[in-house]
Amino acid sequence: MNVNELIENTLKPLNIPIKHHIYVGKETTYITFFEYLEKGEDYYDDTEKSTGHYIQIDLWSKEELDSIKKDTVNLLIKNGFVKKNIYDFYEPDTKIFHKCLRFFYYTEN
């Protein structure tokens, strides 16, 4: 399973639309995500033995996002992701609440 599939499957219990990069549906609460960095973490004999996946999960809604954030963080941690940091935004032009969650996921090659 690739990391994108893992994220989608991990967050599926939220019952919120989730899309890689861009959501174009009609729901006012949705999740987008992307991998902002993929890099080798461990090398042996000049061969990459493990990879770090640095993921950004964006929560979007016309409503407050605190409970969705909590559930999202819990699901990701439960499935092996490591929380790095979380940013809280409000988009005044669209009146949308936006939370940016950054996580790390480690894979062995």
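Residues numbered from 1 in each chain as written. Predicted model: local features only at pLDDT ≥ 70, side-chain atom pairs only at ≥ 80, totals over all residues. Heavy atoms only, no water.

### Some words on the packing of aromatic side chains
Logical step 1: Scanning the model with the defined rule gives seven aromatic pairs in all.
Logical step 2: Ring geometry for Y87 and F89: centres 6.4 Å apart, planes at 25 degrees, overall stacked.
Logical step 3: Exposure remark for Y87: the relative accessible area of 36% places this residue in the partly exposed category.
Logical step 4: Ring-pair connections join several aromatic residues into one group, and the members of that group are Y23, Y30 and W60.
Logical step 5: Across the ring face of Y36, the terminal group of R102 is positioned such that the distance to the ring centre comes to 4.1 Å. (Phe/Tyr/Trp six-rings, centres within 6.5 Å; stacked < 30°, edge-to-face > 60°. Buried < 20%, exposed > 50% of the residue type's maximum accessible area, 1.4 Å probe, protein only. Lys NZ or Arg CZ within 6 Å of the ring centre and 35° of its normal.)

### Quick word on helix α2 (residues 66-78)
Logical step 1: Here α2 is 13 residues long and its end C-alpha atoms lie 18 Å apart, about the 18 Å a rise of 1.5 Å per residue gives.
Logical step 2: Within α2, burial applies to I68, T72, V73, L75 and L76. The arc enclosing the buried residues of α2, seen along the axis, measures out at 165 degrees, which places them on a common side. Exposed positions of α2 whose direction lies more than 90 degrees from the buried face are S67, K70 and K78.
Logical step 3: Those residues of α2 that are buried lie in contact with α1 (3-11), β3 (47-61), β4 (82-91) and β5 (96-108).
Logical step 4: Where α2 terminates, the next one or two residues include G80, which has phi positive at roughly 95 degrees. (Helix = DSSP H or I, 4+ residues; strand = E, 2+ residues; numbered from the N terminus. Expected span 1.5 Å × (residues − 1). Arc of directions from axis to C-beta. Contact = heavy atoms within 4.5 Å.)

### Side note on the pattern of salt bridges
Logical step 1: Tallying each qualifying case throughout the model produces three salt bridges.
Logical step 2: For E41, the salt bridge goes to K39, with nearest N and O atoms at 3.7 Å.
Logical step 3: A single network of salt bridges, built from pairs that share partners, joins D66, D88 and K99. (Salt bridge = Lys/Arg side-chain N within 4 Å of Asp/Glu carboxyl O.)

### Describing the side chain of S50
Logical step 1: As for its position among the elements, S50 is in strand β3.
Logical step 2: With relative accessibility at 1%, the residue S50 sits in the buried group.
Logical step 3: In this structure the side chain of S50 is engaged in a polar contact, spanning 2.7 Å, whose partner is the side chain of D42.
Logical step 4: Ignoring any residue separated from it by four or fewer positions in sequence, one finds S50 in contact with K39, G40, E41, D42, Y106, T107, E108 and N109. (Polar contact = N/O pair within 3.5 Å; in protein donor to acceptor, adjacent residues only side chain to side chain.)

In short, geometric facts, not functional conclusions.
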